[in-house]
Amino acid sequence: MKIKLFLTLLMFVFGALTVSYASFPVERTTTNNTTVVENQKDEFTSPAAAAGGKSQVIALILCLVVGGIGIHRFYLGYTWQGIVQLLTLGGCGIWALIDLIRIITGDLQPKNGSYSKTL
């Protein structure tokens, strides 16, 4: 019974998190019969993200301290992997250990480029 409840809750969470939107220009007609073309950007940037790149040292510290809940994945820009890692508690620590090794070796890079500061 507990497993069934857990799986139902997990399906609800993943269902609520998935959002569909058009990744192509959308045409819509307004009330005065003019056509408006809207372009959506896939990436949202913050002023902090635009100011500088990601540090390998910060990613390493985040992986060491809170690697079990995937905060380092959010920092590196891998949001969906961070959510999955958060829900699975880092694959019971195994996924966090693998990420720790990948960050040290430089194999796990930020999503949109490379580290601005390395070890």
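The rules behind these values
Going along each chain's sequence as written, the residues are numbered from 1 onward. pLDDT decides what is reported in this predicted model: residues at 70 or higher carry local features, side-chain atom pairs at 80 or more are listed and counted, and totals for whole chains, interfaces and linings draw on all residues regardless. In computing side-chain properties, one takes all heavy atoms of the structure into account and sets aside hydrogens as well as water. Interaxial angles span 0 to 180 degrees and are taken between N-to-C directions of axes, which are lines fitted to C-alpha atoms, for helices over the stretch in contact. Runs of H or I in DSSP of at least four residues are treated as helices and runs of E of at least two as strands, each being numbered from the N terminus. Convention used here: angles under 35 degrees read as roughly parallel, angles over 145 as roughly antiparallel, angles from 65 to 115 as roughly perpendicular, and any remaining angle as oblique. Two residues qualify as a contact provided that any one of their heavy atoms is within 4.5 Å of a heavy atom in the partner residue. Buried residues are those whose accessible area, probed at 1.4 Å on protein chains only, stays under 20% of the maximum for their type, while exposed residues exceed 50% and partly exposed ones sit between those limits. The arc refers to the directions leading from the helix axis to the C-beta atoms. By the criterion applied in these results, polar contacts are pairs of N or O atoms within 3.5 Å in which, for protein atoms, one can donate a hydrogen and the other can accept it, and in which residues neighboring in sequence qualify only through two side-chain atoms. What makes a salt bridge here is a side-chain nitrogen of Lys or Arg within 4 Å of a carboxyl oxygen of Asp or Glu, nothing more. Think of a nonpolar core as a cluster: buried Ala, Val, Leu, Ile, Met, Phe, Trp, Tyr and Cys residues, connected wherever their side-chain atoms sit within 4.5 Å. Here is the rule: rings of Phe, Tyr and Trp (six-membered ring for Trp) pair when centre to centre is within 6.5 Å. Planes less than 30 degrees apart are stacked, more than 60 are edge-to-face, and the remainder are tilted. Throughout this description, the term charge over a ring refers to an Arg CZ or Lys NZ atom that lies within 6 Å of the ring centre and within 35 degrees of the ring normal. Put simply, a crossing is left-handed when the front helix is turned counterclockwise from the back one by less than a right angle, and right-handed when it is turned clockwise. All residues other than Ala, Val, Leu, Ile, Met, Phe, Trp, Tyr, Cys, Pro, Asp, Glu, Lys and Arg, Gly among them, are scored as polar; the first ten of these are nonpolar and the last four charged.

Asker: I'd love a proper account of the packing of helix α5 (residues 79–87) against helix α7 (residues 94–105), names of residues and values included.
Answerer: Look at α5 against α7: their axes get within 10 Å of each other, and the N-to-C directions meet at 140°. Accordingly, the angle class assigned to the pair α5 and α7 is oblique. Across the interface between the two elements, Gln-81, Val-84 and Gln-85 of α5 pack against Trp-95, Ala-96 and Asp-99 of α7.

Asker: Describe unusual backbone geometry, and please don't skip the residues or the numbers.
Answerer: For residues that are not glycine, phi is negative in most cases, and the peptide bond is trans in most cases. Although it is not a glycine, Cys-92 adopts a positive phi angle of roughly 60°. Locating Cys-92 in the fold gives a position in helix α6 (residues 89–92).

Asker: Kindly report on helix α3 (residues 56–66), identifying the contributing residues and their values.
Answerer: Within α3, burial applies to Gln-56, Ala-59, Leu-60 and Cys-63. Seen from one end, α3 has its buried residues packed into an arc of 100°, which puts them on one side. Those residues of α3 that are buried lie in contact with α4 (71–76) and α7. Capping the start of α3 is the job of one residue whose side-chain oxygen sits 3.3 Å from the backbone nitrogen of Val-57: Ser-55.

Asker: Please give an account of the pattern of salt bridges that cites residues and values.
Answerer: Scanning the model with the defined rule gives 2 salt bridges in all. Here Asp-99 ties to Arg-73 by a salt bridge, and the two come within 2.8 Å at their closest N and O atoms. Within this pair, whereas Asp-99 is found in helix α7, its partner Arg-73 is found in helix α4, the two being separated by 26 residues in sequence. Arg-73 matches Asp-99 in its accessibility class, with the two residues each being buried. Its salt-bridge partner being Asp-107, residue Arg-102 comes within 3.0 Å of it at the nearest N-O pair.

Asker: Explain the nonpolar core to me, and be specific about the residues and the numbers.
Answerer: Counting residues in hydrophobic clusters, the biggest one holds 8 residues: Ala-59, Leu-60, Cys-63, Leu-76, Leu-100, Ile-103, Leu-108 and Tyr-115. Sorting the residues of this core by element identifies α3 and α7 as the ones contributing at least two each. Not counting residues up to four positions away in its chain, the partners in contact with Tyr-115 are Lys-54, Ser-55, Gln-56, Ala-59, Leu-76, Ile-103, Leu-108, Gln-109 and Pro-110.

Asker: I'd like to hear about the packing of aromatic side chains, residue by residue, with values.
Answerer: Considering all chains together, one arrives at 0 aromatic pairs under this definition. The side chain of Lys-54 reaches across the aromatic face of Tyr-75, ending 4.8 Å from its centre. The ring of Tyr-78 has Arg-73 sitting right over it, with the charged end atom 5.5 Å from the ring centre.

Asker: Any details on the side chain of Gln-85? Residues and values, ideally.
Answerer: Looking at the secondary structure, you find Gln-85 in helix α5. If near-sequence neighbours (up to four positions away) are discounted, Gln-85 is found in contact with Gly-67, Gly-68, Ile-69, Gly-70, His-72, Arg-73, Gly-90, Trp-95, Ala-96 and Asp-99.

Asker: Could you give me a rundown of the packing of α3 against α7, with the residues and numbers involved?
Answerer: Two elements in contact, α3 and α7, have axes separated by 10 Å at closest approach and are oriented at 160°. Relative to α7, the element α3 is oriented roughly antiparallel. As for how α3 packs across α7, the hand of that crossing is left-handed. Touching Gln-56, Ala-59, Leu-60, Cys-63 and Leu-64 of α3 are Ala-96, Asp-99, Leu-100, Ile-103 and Ile-104, all from α7. Here the contact of α3 with α7 is composed, by residue class, of 8 nonpolar, 1 polar and 1 charged.

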